[in-house]
Amino acid sequence: MSGKTNTTPQLLLIRSLSLVAHRHLAGWIAGATAANAALITLVTMLMQLPGQRDSIITLSILGVLVFLAISIVLPVIGYRIEQQRRLTEDLEKQYRRVDELLAEGSSHRLPRLSELSDEQLGATPTRYSRNKSAPYIARTLDDEQIRDALRASDQPPYPFVVVWGATKAGKSRTLVEALRASLPPDTEVLVPIDGRALAELVQIGLPFSSETPGLVFLDDLTAVDLEALPSAVLSGVRGRAVLVGTMTASRRSQVMASDGEVTRIARIALESAHNHELLFRPPNETEYQEAIRLYPKESFRGSIAETLVGGPELLAKYRAGQDTNPAGYALVQAAVDWRRAGLHRPISDSELRQLFALYLPLIRAGMPATTAAYRSGLHKWAAVPIASQVALLSRATFANTDSSVRNAGWVALDYVVAADEGSMPDHAARPIPNELWPELLELITPSEALAVSIAAHTRDQLDLAATAARIAARAADSDQAAAAAFILAFTLFKKRDLQEAEAAFETLVASQHPEYFAGAAFALGSLLFRRGDIERAKALYREVIHAHHPEYTPAAAYFLGELLRQQGDTAAASVAFREAIKSNHGVHAPGALVGLGKILNEEGDVEGAKAAYLQAIELGHAEHELSARFSLGKLMKDQGDVRGAKSAYQHLVDSGHTEYAAIAAVNLGYLLHEQGEVTASKAAYQKAIASDHPEYAYAAMYNLANMLNGEGDVEGAEAAYKRLMSSGHAEYAPKAAVNLGSLFREQGKLGEAKAAFQEAIESGHAEYSSAALVNLGAMLIEQGDASEAETSLRRVIESGHDESRPAALLNLGNLLQDRGDTENAKAAYRAAADGHTATRAAALISLGNVLRKEGEFGEAIKIWQEVIDYGGDMAIAALFNMGNMLRDEGSMAEAIEAYRRVIDSGAVDYSAMAMINLGNLLSELGDIDGAKLAYQQAINSGHSDAGMRASQALQKLFGSTS
């Protein structure tokens, strides 16, 4: 459109009056009101004059009405003009801002793919560049795979492809050729200056002019770029365009290896992309033939890109520079370290000049950093290209997201940056001088300090990361300031400055920032949980759940569920777990399914628990799948599904997982032993032992030793117990010593038994040292060494150990009873029986025996009846004793009933002895047939001692009746 719009004086007058009316509305209303009142007065006076024609009066009234309308309309017109002006200014400001954020093109017109050169899309220009594009040597397999990824979807979300690899592997050029082969030539290309610029462009509105898919190109991605691309930004981009980028292998590995919150968004962004690794390699035969055809003067030793830029020659020049041109060498090092510090933009002349003064004395002491030295080192060495037409430093213009001004600066060749990072063969990593950091942080803006902080964090330089984050927190942009505060809080946490970290998290939580609140609240909740403020932690987790953050809400729901489950609040825990499950989060949904399964299993909903475990397994998370299989194996074992349990445990054993394979092998060994599959059980235990797990290997060794002992393999058991004792394991060494002592005691090796018990005692383990003292005391009683036995037993009693104290009291009671100290024996038995189920029955039986000897038959029966009512093996002993006492009392019918109950129990020893006692009693009562039958039962029982005594009694009975 051409020509100039004509504006009449009348229109200009109306516009001016309208703006005056709008801008001075109060005065306009007052003036217009007064003017209208005056006009109305004049018209009224005119109407009262005699002889006035109706037409004049009508015209006068119309004039008043028109003036009234104009007085109302003009301010409205002025308001509309002002609004239009402001809108135009806002649009122009927005267009200018978009232009500032673009590396290529403008808000009015983005370049088309066919218009952009290799250099504009990140490839290093060389002497072979023609029309800024050198001939391309195809890498067939890589080309096909990248192009397939670019064509993966023709509907939103469009593909996100990252080509990564070593410096000068050919990433940018290969990607550019794939784009040219896959997308239409007229595709609009948006090249933002960095990741933060892209995020801002999404917020403003991506400046594509048509609805057809565009292309967004991010060359040489950094952690800082990726941190600016949360899922909302990526969705905004991929809803309108194909998103592509390149990244060096070292930067990518730093991001993916970091496990903290500072680079969480970067990791998620990379994980959401199609990542294609381009290997740094010499050309294959086909590529080589094409290379020598297109570039006959070159000798291809490394990658094609490395050869074309003259990488080895440039690196050789750089290495020699320390001696041949110290000033130039200092400049290159300064520019290289600028990039290594995390700064993506070129370094300006003034910045490079300042760092030159810092670096030159470090390289050549005493050499002055004069302006002449600076210019000579730069223009006569560092920026001078070699034969490939590539220099160590190259000139570049730049703008950053903090400024609208485009500046000229210097960029270090990425090949040399990679060499100083240690990514090149035969070139060791060069440390960044500590002197750089204070100087650098003085030079850069707060938003650039954010980049330095993130880069420092990926290198685990936490003090530097915290210092840079504090500077970045001063940024005028509230989002950048919040991002810096977030990084600072997590850096302090990682440094274990927990008090400062807590304060930083509290500040972020109070800010309610939409992006960082949830992460800060979740981290603060976890920190408070660790220091015991459980209620505040739960409250914060609930706040995070209500924030509906895609990452932290599922995490908070899962952690809250686990916390509540541990507290026994299973109803609330189930609600929290279901919230995490509903999110379908890749990590926390399967974890919550495992937690929910445990709750359902505890509540008796076995089928519900199974379903939860199976769903967790199906989701396939590496850790939670194994946890679900382990829980499923335990559930199946408890339900008697041996085959299912074996399958679950075997799957875990085969997984080779450090934790679950070892514990599953232990459980599988135990299960197989229960099923009588001794060989398979031993094999499972051996697998657990071979794992060298610090806990489960010893558990397997202990179980195997017990199995060998049970089989009668005394030598094998002894060797296994001794191996455990020599391991020094805090639990299993003293535990094995107790068992070995008991094994020696059974063999009559009392000296060795005492030594083993003594080793367990000296371990100081609360449970097993006490158990060893009890066993040692019992053994000493058998040996007749009552004094030393009593000392051992009293040591256990005084220790107050819940497990061993009752057994010690029981043995002490026996010792005192043998000594004739009946009252103290009864006190010991009563103390042993006080609420401890494992020893209670034996202590009550012994107490009953003492009372019986004292003639307290009623009390004895009452105590034994308590044991009988409780049930279990000891109930039969109590019933047998009661039968004997009833017989002695003369309560024959009750005694017979007691003996018959013992016989019916099937307890091998007691039922056989009860048969003899019943036979004797019936014989005394004259029931010879009943006595004969009882004796015959004892003979048929197979009990050797009882059978012999029954045979003698039966012969005597036949002798007396013949």
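For every chain, the first residue of the written sequence is number 1, and numbering continues from 1 along that sequence. Two thresholds apply to this predicted model, a pLDDT of at least 70 for residue-level local features and 80 or more for giving and counting side-chain atom pairs, whereas whole-chain, interface and lining totals are computed over all residues. The basis for the side-chain values is all heavy atoms of the structure; hydrogens and waters are excluded.

### Observations concerning the overall build of the protein
The line we're drawing: Comment: elements are numbered from the N terminus, with helices defined as DSSP H or I runs of at least four residues and strands as E runs of at least two. This radius of gyration counts C-alpha atoms alone. The globule rule is 2.2 Å times how many residues there are, raised to the power 0.38. Accessibility here uses a 1.4 Å probe with only protein chains present; expressed as a share of the type maximum, an area under 20% marks a residue as buried, one over 50% as exposed, and anything in between as partly exposed. When checking whether two residues touch, look at their non-hydrogen atoms; a contact exists if any pair is within 4.5 Å. Computed with the Shrake-Rupley method and a 1.4 Å probe, the accessible areas treat only the protein chains shown as cover for residues. Charge convention: Lys and Arg are scored as positive, Asp and Glu as negative, and His as well as the terminal groups of each chain are ignored. Just so you know, the charge point we use is NZ for Lys, CZ for Arg, CG for Asp and CD for Glu.
Within the protein, the regular secondary structure consists of 47 helices and eight strands. Whereas a compact globule of 962 residues would reach a radius of gyration of roughly 30 Å, the protein reaches 45 Å, over 25% beyond that. Projected onto its principal axes, the C-alpha positions of the protein cover 165 × 105 × 55 Å. Taking all 962 residues of the protein together, the buried fraction comes to 49%. Within the protein, residue pairs in contact and separated by at least 24 positions form 60% of the contacts whose partners lie at least 6 positions apart. With the model as given, the accessible surface of the protein reaches about 45,300 Å², and the carbon-plus-sulfur share is 52%. Across the protein, 90 positive and 117 negative side-chain charges occur, with their mean positions spaced 8 Å apart.

### With respect to the packing of helix α23 (residues 517–530) against helix α25 (residues 552–567)
Stated formally: In this description, a line fitted to the C-alpha atoms serves as the axis of each element, helices being fitted only across the stretch in contact, and the angle between N-to-C directions of two axes falls anywhere from 0 to 180 degrees. Reported orientations rely on four angle classes, namely roughly parallel under 35 degrees, roughly antiparallel over 145, roughly perpendicular from 65 to 115, and oblique for the rest. Less than a right angle of anticlockwise turn of the near helix away from the far helix marks a crossing as left-handed, whereas a clockwise turn marks it as right-handed. The classification used treats Ala, Val, Leu, Ile, Met, Phe, Trp, Tyr, Cys and Pro as nonpolar, Asp, Glu, Lys and Arg as charged, and all other residues, Gly among them, as polar.
Packing of α23 against α25 brings their axes to within 10 Å, and their N-to-C directions diverge by 20 degrees. With respect to α25, the element α23 is oriented roughly parallel. The chirality of how α23 crosses α25 is left-handed. Together, Ala518, Gly519, Phe522 and Phe529 of α23 and Tyr552, Ala555, Ala556, Phe559 and Leu563 of α25 make up the contact between the two elements. Across the contact of α23 with α25, the residue classes break down as eight nonpolar, one polar and no charged.

### Points about the sheet that holds strand β7 (residues 393–398)
Backbone hydrogen bonds hold the strands of a sheet together, and the pairing may be parallel or antiparallel. For clarity, the threshold we go by: Strand pairing is assigned whenever DSSP identifies at least 2 bridges connecting the two strands.
The strand order across the open sheet built from three strands is β6-β8-β7, with neighbouring strands paired in antiparallel fashion. The open sheet terminates on both sides in strands that have one partner only, identified here as β6 (347–348) and β7. Of the pairings in the sheet, the one linking β7 to strand β8 (residues 407–412) comprises six bridges and is antiparallel in character. When the bridges of β8 are listed, Arg395 appears paired with Trp410. Across the sheet, helix α14 (residues 326–340) is in contact with β6, β7 and β8; its angle to β8 comes to roughly 95 degrees.

### Comments concerning α23
In an α-helix there are 3.6 residues to a turn, and that puts residues three or four apart on one side. How we decide: What a helix is expected to span follows from its residue count: subtract one and scale by 1.5 Å.
Across its 14 residues, α23 extends 20 Å between first and last C-alpha, which sits within 8% of the 20 Å expected from 1.5 Å per residue. Within α23 the residues assigned to the buried category are Phe517, Ala518, Gly519, Ala520, Ala521, Phe522, Ala523, Leu524, Gly525, Ser526, Leu527 and Leu528. Packed against the buried residues of α23 are α21 (478–494), α22 (498–511), α24 (534–547) and α25. Positive phi shows up at Gly532, right after α23, with a value of about 95 degrees.

### Topic: the side chain of His693
As a reminder of what qualifies: The term polar contact refers here to a pair of N or O atoms within 3.5 Å; inside protein, the definition further demands a hydrogen-donor-capable atom paired with an acceptor-capable atom, and it admits residues adjacent in sequence only when both atoms are side-chain atoms.
Mapped onto the secondary structure, His693 falls in the loop between α32 (678–690) and α33 (696–711). Polar contacts involving the side chain of His693 include one to the side chain of Glu659, which spans 3.0 Å. For His693, the residues in contact, after removing those within four places along its chain, are Thr658, Glu659, Ala662 and Tyr698.

### Regarding the sheet that holds strand β2 (residues 189–190)
The strand order across the open sheet formed by five strands is β2-β3-β4-β1-β5, and the pairing between neighbours is parallel. A single partner strand is all that each edge strand has here, and the edge strands are β2 and β5 (274–277). For β2 and strand β3 (residues 214–218), the ladder comprises two bridges, and the chain directions are parallel. Bridge pairing links Val189 to Leu215 in β3. Set on the sheet, helix α5 (residues 171–182) makes contact with β1 (160–165), β3 and β4 (241–248); between it and β4 the angle comes to about 160 degrees.

### Here we look at the environment of Leu925
Inspection of the secondary structure assignment puts Leu925 in the loop between α45 (908–924) and α46 (928–940). Taking the C-alpha atoms as reference points, Leu925 and Val411, 514 residues apart in sequence, are found 116 Å from one another. Those residues in contact with Leu925 that sit more than four places away from it in its chain are Met892 and Ile896.

### Re a negative patch on the surface
This is how it is decided: The residues that make up patches have over 30% relative accessible area and no salt bridge, and they are joined within 9 Å when like-charged or within 5 Å when they are Val, Leu, Ile, Met, Phe, Trp or Tyr. Salt bridges are defined by distance alone: a side-chain nitrogen of Lys or Arg within 4 Å of a carboxyl oxygen of Asp or Glu.
There is a patch of like negative charges on the surface, built from Glu602, Glu603, Asp605 and Glu607. Inspection of the secondary structure puts Glu602 in helix α27 (residues 588–602).

### Side note on a nonpolar patch on the surface
Taken together, the side chains of Met47, Leu59, Ile61, Leu62, Leu65, Leu68, Ile72, Val73 and Ile77 present a nonpolar region at the surface, about 800 Å² in accessible area. For the nonpolar patch, the element with the most residues is helix α3 (residues 54–101), which contributes eight residues.

### Structural notes on the pattern of salt bridges
Going through the model one piece at a time under the given rule, you end up with 47 salt bridges. Asp460 is the partner of Lys494 in a salt bridge, and the nearest nitrogen-oxygen pair spans 3.4 Å. Placement of the pair is Lys494 in helix α21 and Asp460 in the loop between α19 (446–458) and α20 (462–472), with a sequence separation of 34 residues. The salt bridge involving Glu562 is made with Arg565; its shortest N-O contact spans 3.2 Å. In this pair, Glu562 and Arg565 both sit in helix α25, three residues apart, roughly one turn of the helix. The pair Glu562 / Arg565 is uniform in exposure class, with both members buried. Via salt bridges that share partners, Asp337, Arg340, Asp420, Glu421, Arg430 and Arg459 belong to a single interconnected network.

### Some points on the environment of Gly919
Within the element layout of this structure, Gly919 appears in helix α45. Judged by its relative accessible area of 0%, Gly919 is buried. With sequence-adjacent residues up to four places away left out, Gly919 is seen in contact with Ala931, Ala934 and Tyr935.

### Quick word on the pairing of β4
Where burial is concerned, most of β4 is hidden: eight out of the eight residues are buried. In this sheet, β4 lies alongside β1 in parallel orientation, the contact comprising six bridges. From the neighbouring strand, Val162 faces β4, where its bridge partner is Gly245.

### Quick notes on the packing of aromatic side chains
Our working rule: Stacked, tilted and edge-to-face are the three classes applied to pairs of Phe, Tyr and Trp rings, where Trp contributes its six-membered ring and a pair requires centres within 6.5 Å; stacked means planes under 30 degrees apart, edge-to-face means over 60, and tilted covers the rest.
Under the defined criterion, the tally for this structure stands at 17 aromatic pairs. When the centroid spacing of 5.2 Å and the interplanar angle of 85 degrees are considered together, the rings of Phe522 and Phe559 count as edge-to-face. Taken together, the residues Phe522 in helix α23 and Phe559 in helix α25 connect sequence positions 37 residues apart. With a relative accessible area of 35%, Phe559 lands in the partly exposed category. Geometrically, the ring pair formed by Phe880 and Tyr899 is tilted, given 6.3 Å between the ring centres and 55 degrees between the ring planes. With Phe880 in helix α43 (residues 873–889) and Tyr899 in helix α44 (residues 892–905), this residue pair connects regions lying 19 residues apart in the sequence.

### What to know about the packing of helix α6 (residues 195–204) against helix α8 (residues 231–238)
As a packed pair, α6 and α8 sit with axes 10 Å apart at the nearest point and diverge in direction by 65 degrees. Here α8 runs roughly perpendicular to α6, going by the angle between their axes. Read as a crossing pair, α6 and α8 show a hand that is left-handed. Contact residues: Leu198, Ala199 and Val202 in α6; Val233, Gly236 and Val237 in α8. Of the residues that constitute the contact of α6 with α8, the class distribution is five nonpolar, one polar and no charged.

### What about the confidence of the model for the protein?
Note the cut-off: Per-residue confidence from the prediction method is given by pLDDT, with values spanning 0 to 100.
With 96% of its residues at a pLDDT of at least 70, the protein reaches an overall mean of 89. Taken as a whole, residues 1–5 scores under 50 in pLDDT and shows zero contacts with residues more than four places along the chain or in a different chain.

### Examining unusual backbone geometry
With an omega dihedral of -10 degrees, the bond running from Pro156 to Pro157 counts as a cis peptide bond. Phi is positive for Gln512, close to 55 degrees, though the residue is something other than glycine. Here Gln512 is to be found in the loop between α22 and α23. Accessibility expressed as a relative area gives 48% for Gln512, which makes it partly exposed.

### Considering the environment of Glu790
On the secondary structure map, Glu790 appears in helix α38 (residues 786–799). Sequence separation between Glu790 and Val774 is 16 residues; the distance between their C-alpha atoms is 9.8 Å. With near-sequence residues (within four places) excluded, Glu790 lies in contact with Leu812, Leu815 and Arg819.

### Quick notes on the side chain of Arg196
By the element assignment, Arg196 lies in helix α6. Of note is the side chain of Arg196, whose polar atom sits 3.5 Å from the side chain of Ser447.

### Brief notes about helix α29 (residues 622–638)
Between the first and last C-alpha of α29 there are 25 Å, a value that for 17 residues agrees with the 24 Å anticipated at 1.5 Å per step. In terms of burial, α29 is a largely internal element, 12 of the 17 residues being buried. Listed as buried for α29 are His624, Glu625, Leu626, Ser627, Ala628, Arg629, Phe630, Ser631, Leu632, Gly633, Leu635 and Met636. Its buried side turned inward, α29 meets α25, α27, α28 (606–619), α30 (642–655) and α31 (660–674). Once α29 ends, the next one or two residues include Gly640, with phi positive near 85 degrees.

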